[in-house]
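A structural walkthrough
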Amino acid sequence: MKQKISAGAQKISGAAKARPAETKWSIIGAAAGAILGLLIGGVGIAAMGGAAGVPAALILAVIGGVVGNRYGISKDRPVR
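The present account deals with the structure reproduced in this document. (Residues numbered from 1 in each chain as written. Predicted model: local features only at pLDDT ≥ 70, side-chain atom pairs only at ≥ 80, totals over all residues. Heavy atoms only, no water.)

For the rest of this paragraph, the subject is the packing of aromatic side chains. Under the counting rule described, the total for this entry stands at one aromatic pair. Where W25 meets Y71, the ring centres are 4.8 Å apart and the plane angle is 85 degrees; that geometry is what we call edge-to-face. Linking W25 in helix α2 (residues 20-40) with Y71 in helix α3 (residues 56-75), this pair joins segments that are 46 residues apart in sequence. What makes Y71 partly exposed here is its relative accessible area of 38%. (Phe/Tyr/Trp six-rings, centres within 6.5 Å; stacked < 30°, edge-to-face > 60°. Helix = DSSP H or I, 4+ residues; strand = E, 2+ residues; numbered from the N terminus. Buried < 20%, exposed > 50% of the residue type's maximum accessible area, 1.4 Å probe, protein only.)

Here it is as structure tokens:
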């Protein structure tokens, strides 16, 4: 089990080192989205007669991470 975790960590570390701008901007986008979401509060999602409250920080962190990732991809050189 430790070998699988270690191998996975090395794979993720290698990918982050190969594409530094993508990694950096993904983290920046997720953090900015989470901070903005904390300022907003919560969001209610209603569907089919039921409703659930979802933290806006979670939703905006995911959206910010995706936007930051796309921006970072445009800044990185193509990996060959």
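As for its placement among the helices and strands, E22 is situated in helix α2. A relative accessible area of 17% places E22 in the buried class. In terms of polar contacts, E22 uses its side chain to reach the side chain of R19, at 3.4 Å. Dropping the residues within four chain positions of it, E22 is found in contact with N69, G72, I73 and D76. (Polar contact = N/O pair within 3.5 Å; in protein donor to acceptor, adjacent residues only side chain to side chain. Contact = heavy atoms within 4.5 Å.)

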